[in-house]
Amino acid sequence: MPLIKIHGMIDPHTHLRDLDWSHKATFASETKAAIAGGFWAVFDMPNTAPSTIDQDRLSDKLKRIDRDAHCDWGLYFGASQADNTAEYEKIARQVCGLKIYNNSTTGDLLINSSAMRERHYRAWTPNRLIAVHAEEETVRNILDLVRKYRQPTHFLHISSEYEINLLTQAKQDGLPVTVGVCPHHLILSEDDLPTLGAYGLMKPELKRKSDQRALWRAIRLGIVDIIESDHAPHAIAEKESDAPPYGVPGLETTLPLMLQAAKDGKLSLQKACDMLSLNVQRIWRIAPFPKTYALVDTDETYVIERENLMTKCGWSPFEGMRVRGKVREVWIRGTKVYDGENVLSPAGFGRNLFGYVA
Ligand code: DOR
Ligand code: ZN
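Quantities reported herein were computed from a predicted structural model and do not represent experimental measurements.

A. Here's a closer look at unusual backbone geometry. A cis amide bond, omega 0 degrees, links Ala49 with the succeeding residue Pro50. With an omega of -10 degrees, the peptide bond running from Lys203 to Pro204 counts as cis. On the secondary structure map, Pro204 appears in the loop between helix 8 (193-196) and helix 9 (209-220). In this structure, His157 is a non-glycine residue whose phi angle is positive, near 30 degrees.

Written out as structure tokens, the structure reads:
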């Protein structure tokens, strides 16, 4: 039987934009893209314009996404260089986690000072996790904080052999850490940069083939917990400009790329599905609602083309690749929200999976 049922797929690492960056993408457009990609829910990062770093901005974002989302969702709060820890207890009840940017990327949330990183680690409430952007040596710095404060910490978009080695050791030491890897780091490498140009630019950057092999090995060994897209839509005109921004979209390509990888023998089908659903649910401690699943035809293959994508940005770094797995239906809380062609749920259908809406 080619039709498989995946219960409660979640992408816990997306940049839905909206607000002052609605020209790139909106809560409405990207939650539709998420559903078309087979997802039940998406968690949105705080490096928006404006950044989600105080209660007022969080309340505003909660209101807007609650009004516009077609699928279920969660929001991250952003750790700020100017100390914004005072209301952490109250904030934590409304969000899926705290995001700390420890290396530079899109937005203005970089925290360079180790004293400030530590302040956030000390102040955050451990009932919600901390998700970190940390690359290379910075992974080591954050692990020191995890060792000291024992805050559950998810390492986003891990991309190099060096980072994998550090996190393998951290897991062996029993630290409360989890690891996410993105499809672009698994499938593309620096060798693709001449062809992709600005469309292959993201943070962390595409790495060597040897790093890619280390990521696949870590998946097979169970060091990597989840696959996350780091869906980061930018307009084509921006990518074509003299100063192209970092980031690539991924909501609609993550599942078929992983199903193709399973077919190619890179990992088992069960593991591919678990890394997109069960493992994410376990880390963020949420159970899917009954009748919340995607029906996927794993026999059907197709070529990724921009004309067929719902994301507002209208391009993909994976264009031209043949992938496997057509999403036939998506159901959320007993309602059919996708019929294989159209999103059926209205704006506002989506719910916050983490507490109340301001
Ligand atoms: O490539 C990236 N794009 N990496 C990030 O960390 C941020 C993201 C974005 O917001 O564009
Ligand atoms: Zn990101």
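B. Molecular detail of the packing of aromatic side chains. Inspection of the entire model under this criterion finds seven aromatic pairs. Pairing Trp40 with Phe289 gives two aromatic rings, centres 6.0 Å apart and planes at 80 degrees, and the pair type is edge-to-face. With Trp40 in the loop between helix 1 (27-36) and strand 3 (41-44) and Phe289 in the loop between helix 13 (278-283) and strand 10 (293-303), this residue pair connects regions lying 249 residues apart in the sequence. The class for Trp40 is buried, based on a relative accessible area of 2%. Arranged with centres 4.9 Å apart and planes meeting at 85 degrees, the rings of Tyr88 and Trp124 form a pair that is edge-to-face. With Tyr88 in helix 3 (residues 88-92) and Trp124 in the loop between helix 4 (114-123) and strand 6 (129-133), the pair connects residues that are 36 residues apart, well separated along the chain. For Tyr88, a relative accessible area of 1% corresponds to the buried category. For Trp124, a relative accessible area of 2% corresponds to the buried category. One aromatic cluster is present, formed by Phe43, Trp284 and Phe354 through successive ring pairs. For Arg333, the ring lying beneath its charged end belongs to Phe289, and the centroid distance is 5.8 Å.

C. Layout of the pattern of salt bridges. Applying the stated criterion across every chain yields a total of 19 salt bridges. Notably, a salt bridge pairs Arg333 with Asp72, separated by 2.5 Å at the nearest N-O pair. Linking Arg333 in the loop between strand 11 (322-332) and strand 12 (335-338) with Asp72 in strand 4 (residues 72-78), this pair joins segments that are 261 residues apart in sequence. Two residues, Lys336 and Glu329, come together in a salt bridge whose shortest N-O distance is 3.8 Å. What you see here is one network of salt bridges that share partners, running through Asp144, Arg147 and Asp173.

Rules and cut-offs
Throughout this document, residue positions are counted from 1 along each chain, in the order its sequence is written. For this description, chains carry letters from A and ligands carry numbers from 1, given in the order in which they are written. The model is predicted, so local features are restricted to residues of pLDDT at least 70 and side-chain atom pairs to those at 80 or more, both for listing and for counting; the totals for chains, interfaces and linings are taken over all residues. The side-chain values count all of the structure's non-hydrogen atoms but skip hydrogen atoms and water molecules. The way it works is that DSSP assigns letters per residue, a run of H or I at least four long becomes a helix, a run of E at least two long becomes a strand, and they are numbered from the N terminus. Planes of paired rings set the category: under 30 degrees apart is stacked, over 60 is edge-to-face and the rest tilted, where pairs are Phe, Tyr or Trp rings (Trp by its six-membered ring) whose centres lie within 6.5 Å. Only protein chains enter the area calculation, which uses a 1.4 Å probe; residues under 20% of their type maximum are buried, those over 50% are exposed, and those in between are partly exposed. Working rule: Lys NZ or Arg CZ, within 6 Å of ring centre, within 35 degrees of ring normal, means a charge sits over the ring. When a carboxyl oxygen of Asp or Glu is within 4 Å of a side-chain nitrogen of Lys or Arg, the pair counts as a salt bridge.

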